[in-house]
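# Residue-level structural notes
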Amino acid sequence: MKKPYEKETICIQSGWKPKNGEPRVLPIYQSTTFKYETSEQMGRLFDLEEEGYFYTRLQNPTNDCVAEKICELEGGVAAMLTSSGQAANYYAVFNICEAGDHVVLSSTVYGGTFNLIANTMKKMGISCSIVDPDDDYDTICKAFRENTKCVLAETIANPALVVLDIEKFAKAAHAHHVPLIVDNTFATPINCNPFRWGADIVTHSTTKYMDGHAMCVGGAIVDSGNFDWTLYPDKFPGLCTPDETYHGIVYTEKFGRKAYITKATSQLMRDLGSIPSPMNSFLLNVGLETLHLRVPRHCENAQKVAEYLEDHEKVAWVNYPGLKSNKYYELAQKYMPNGTCGVISFGLKGGRSAAESLMDKLELAAIVTHVADARTCVLHPASHTHRQMNDEQLKEAGVNPDLIRFSVGLENADDIIADLEQALSRI
Ligand code: PLP
């Protein structure tokens, strides 16, 4: 049997595979709709009897090629793109949860995800229990209930940079007959494949490293195909019993290991419609072609910057899982031996006011609400994303008032350090 391609080759070659005389580069199918010769053919597509395109809200060839590349990078069986990372996490959970159900959620997930699950989905009748990712196995198990349908956590949490013990979480989820969903945005499939460690479904905000150039908001969901829904038909009726909106199709019977993604595409995309534009998917694909080159360089630069900051007399603390002094160093070595991510957080001895002052003195690092793109950028959550909170509320939310989030880009590391040096010397 032919050896599967390595990630470098997948980044470049997967997805679009042109046939004789077709364009070498992934075409942008900028069309809402697709033409058929007979009415019967179109009918078969609507019945999910045949594969094919009919309306871009459900599926589009450009989007599908890019989803396939991400699927291969993660080692999954099926994947879909969404118009944002928020939509990806929403669909990933809502595909198997309905009113009356319950989710186990890691406390350190990205604020947008936390809000989505803890507040917005609560209004839809879906409740959650919050667990500390550092809790031991038995404590995590206490959060599960009869109506729990999934567990959601992040490989490397944004912005807390907590590294998830994926095996511990997978074991707890499986002991309670539910899948583990892991948001792998910060690690990317270059540094970590959560499926290898027992996760069942992976999500991404492709807005970050996958795009890598801060051009397009986007998301992705990948299914490992490993979670056997048919063992628990009462827990997952949406996958194991007839879907009357699709002529009584039972997704697990008809689509096997691809049931979860087929259901999310044919039900959730159909009804909620968060599809990316083909143009954005084309740009995402250009980003993916260099993901394997960019991610190691982000990590290399971040390591140098973190070590520089750790030695600086004005710096009070540095949080980066690549530092030997870091609480998560061992876990990071286990799950991401080649590097974690390019994001660092740190605080200054001068506290909140010094953090505010540093922001204005940086020249190369730009103040933006973003992380994980080619250009170094910086944010002071207490002054920006979390500015409505007082110092006490900030601490409760796990965001120190002095925390500076620094996303190390692909510039020369010495230039990034020189920028920090000149700014630190003036505060
Ligand atoms: N997941 C993580 C880990 C994120 O950092 C973000 C955004 O910062 C999201 C999801 C949401 O993604 P998007 O902004 O693409 O909707």
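Right, let's walk through the structure included here. Note that residues are indexed from 1 along each chain, following the sequence as it is written. The predicted nature of this model means local features are confined to residues of pLDDT at least 70 and side-chain atom pairs, given and counted, to a pLDDT of 80 or more, with totals for whole chains, interfaces and linings taken over all residues. As a rule here, side-chain values cover all heavy atoms of the structure and leave hydrogens and water aside.

### Focus on the sheet that holds strand β5 (residues 180–183)
Put simply, the test is: A pair of strands is labelled paired if DSSP reports no fewer than 2 bridges between them. Strands here mean DSSP runs of E at least two residues long; helices mean DSSP runs of H or I at least four residues long; both are numbered from the N terminus. Axes here refer to lines fitted to C-alpha atoms; in helices the fit is confined to the stretch in contact. Angles between the N-to-C directions go from 0 to 180 degrees.
Taking strand neighbours across the sheet as the criterion, the seven strands line up as β1-β7-β6-β5-β4-β2-β3 in an open arrangement whose pairing is mixed. Where the open sheet ends on each side, the last strands, each with one partner, are β1 (78–82) and β3 (127–131). On average, each strand axis in the sheet is tilted by 20 degrees relative to the strand beside it, whichever way the strands run. Relative to strand β7 (residues 219–223), β1 is paired through five bridges, and the arrangement is antiparallel. Paired with methionine 80 across the two strands is isoleucine 221, which belongs to β7.

### So, helix α13 (residues 291–310)
Definition in use: Given the number of residues in a helix, its expected span is that number minus one, multiplied by 1.5 Å. Buried means the residue's accessible area, taken with a 1.4 Å probe over protein chains only, is under 20% of the maximum for its type, while exposed means over 50%, and partly exposed covers the values in between.
The terminal C-alpha atoms of α13, which comprises 20 residues, lie 28 Å apart, in line with the 28 Å expected from a rise of 1.5 Å per residue. The set of residues buried in α13 consists of Leu291, His292, Arg294, Val295, His298, Cys299, Asn301, Ala302, Val305, Ala306, Tyr308 and Leu309.

### A look at the packing of aromatic side chains
The condition is simple: Note on aromatic contacts: the rings of Phe and Tyr and the six-membered ring of Trp form a pair at centre separations within 6.5 Å, being stacked when their planes are under 30 degrees apart, edge-to-face when over 60 apart, and tilted otherwise. The criterion is that NZ of a Lys, or CZ of an Arg, lies within 6 Å of the ring centre and within 35 degrees of the ring normal, and then a charge sits over that ring.
Per the counting criterion, the structure on display carries twelve aromatic pairs. Seen in terms of ring centroids, tyrosine 90 and phenylalanine 94 are 5.3 Å apart; in terms of plane orientation they differ by 25 degrees. Their pairing is stacked. Of this pair, tyrosine 90 and phenylalanine 94 both sit in helix α4 (residues 85–94), four residues apart, which is roughly one turn of that helix. Taking 5.8 Å as the distance between ring centres and 85 degrees as the angle between the ring planes, the aromatic pair formed by phenylalanine 227 and phenylalanine 236 counts as edge-to-face. Neither phenylalanine 227 nor phenylalanine 236 differs from the other in exposure class; each is buried. Taken together, the ring pairs in this structure connect Phe227, Trp229, Tyr232, Phe236 and Tyr260 into an aromatic cluster. Seen from the ring of tyrosine 137, lysine 171 lies directly overhead, with NZ or CZ sitting 4.4 Å from the centre.

### As for the sheet that holds strand β8 (residues 315–319)
Keep this limit in mind: Contacts are residue-level and defined by heavy atoms, with any inter-residue pair within 4.5 Å sufficient.
Strand order in this open sheet of five strands is β8-β9-β12-β11-β10, and the pairing throughout is mixed. Two strands bound the open sheet, and with one partner strand each, they are β8 and β10 (366–367). Bridge count between strand β11 (residues 377–379) and strand β12 (residues 404–407): three bridges; the pairing is antiparallel. Its bridge partner lying in β12, leucine 379 is registered against arginine 405. In the packing of helix α15 (residues 351–361) onto the sheet, the strands contacted are β9 (343–348), β10, β11 and β12, and the crossing angle to β9 comes to about 125 degrees.

### As for the site of the ligand
What counts here: A single heavy atom is enough: if one lies within 4 Å of a molecule or strand, its residue is considered near that molecule or strand. Using a 1.4 Å probe, accessible areas were evaluated by the Shrake-Rupley method; residue-level cover was limited to the displayed protein chains. Residue polarity follows a fixed list, in which Ala, Val, Leu, Ile, Met, Phe, Trp, Tyr, Cys and Pro are nonpolar, Asp, Glu, Lys and Arg are charged, and the others, Gly among them, are polar.
What surrounds the ligand is a group of 15 residues, the closest being Asn158, Asp183, Ser205, Thr207 and Lys208. Contact with the protein chains removes 90% of the 390 Å² of surface that the ligand exposes when unbound. Per element, the largest residue contribution to the shell around the ligand is three residues, and it comes from α4. Here the shell around the ligand is composed, by residue class, of three nonpolar, nine polar and three charged.

Geometry only, nothing functional implied.
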